[in-house]
Amino acid sequence: MSSAERNDPVVSATTSRTPGTARTAHRAVPHDRPGRVTVAVYAADPVLRVGVVQQLRPRPEIDLLDDADAERAQASLVVVDSVDDEVAALLQRLRHNPATRTGLVVGTLGSGTLQRVIECGVAAVLRRAEADQDHLLHLVLAMANGEGVLPGDLLGKLLSHVGGLQRSSLAPQSMSLSTLTTREADMLRLVSEGLDTAEIARKTAYSERTVKNVLHEITTRLQLRNRAHAVGYALRNGLI
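Just so you know, these numbers come straight off a predicted model, no measurement behind them.

Rules and cut-offs
Residues numbered from 1 in each chain as written. Predicted model: local features only at pLDDT ≥ 70, side-chain atom pairs only at ≥ 80, totals over all residues. Heavy atoms only, no water. Core = buried A, V, L, I, M, F, W, Y, C linked by side-chain atoms within 4.5 Å. Buried < 20%, exposed > 50% of the residue type's maximum accessible area, 1.4 Å probe, protein only. Helix = DSSP H or I, 4+ residues; strand = E, 2+ residues; numbered from the N terminus. Contact = heavy atoms within 4.5 Å. Pairing = 2+ DSSP bridges.

Draft legend 1. Examining the nonpolar core more closely. Val39, Leu56, Ile62, Leu77 and Leu136 are the most contacted members of the largest nonpolar core, which has 25 residues in total. Of all the secondary structure elements, the ones that give two or more residues to this core are strand 2 (37-43), helix 2 (46-56), strand 3 (62-64), strand 4 (75-80), strand 6 (122-127) and helix 5 (133-144). Here the element with the most residues in this core is helix 5; it accounts for six residues. With sequence-adjacent residues up to four places away left out, Ile62 is seen in contact with Arg36, Val37, Val39, Leu56, Leu137 and Val140. Counting 23 residues, the second-largest nonpolar core is a separate cluster that includes Tyr42, Leu109, Val125 and Ala228.

This is the structure in structure tokens:
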């Protein structure tokens, strides 16, 4: 284990905490098997870590990585009770890894904290109480597909929170709806209502590929990190 890992209170799913115990044997199974999403799990609490790993390990769509290979995971799951400065530091570190997209499985999360984790590059959020096998699999596959996942009520809280920030202090020269095309603005509004790619496609009569391309264009052009960040940015600047 590197010195950074020794100092990091949140460690990957397969790191052994017992002195003298070898690393888990599943690393002998070849990784990056075709059609499987490589996943690393990070958690300070071994009980939380084991719970998520046991849910994902039987799934044929998932290839769990140990700590030695965690940096090249397509999806990284951070499993915590709540978000503190140490967790935020881990999220920031993962954000700078271009190989992975980060999901957060969390016990409690307020609207202000939600904005913070999104700014740390988190692409998907799932409450621990809802973290059964199906929801975890959906979270991982959505991230691997370039999509974001937020519970509808949390998204609503985020929008209310962000919408109230500095709205009255926006300068006259601030960005306006002209920054977005009508189609882009419409799709962002649908994202803000909690619709996923397939639902937006049905609502707008565009293909799912077109929806993904339009939303990707928004985040790329405005240098944003993900859909939730784009919605928050657009709302804060009066774009939707």
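Draft legend 2. Representation of the pairing of strand 6 within the structure. Most of strand 6 is tucked away: five of the six residues are buried. Relative to strand 6, strand 5 (residues 101-106) runs parallel, the two sharing five bridges. The residue of strand 6 that forms the bridge with Val106 is Arg127.

Draft legend 3. Examining the environment of Gly103 more closely. Structurally, Gly103 is set in strand 5. Through-space distance from the C-alpha of Gly103 to that of Met143 is 7.6 Å; in sequence the pair is 40 residues apart. Once residues lying within four places of it in the same chain are set aside, the contact partners of Gly103 are Ser76, Leu77, Val78, Val122, Ala124 and Met143.

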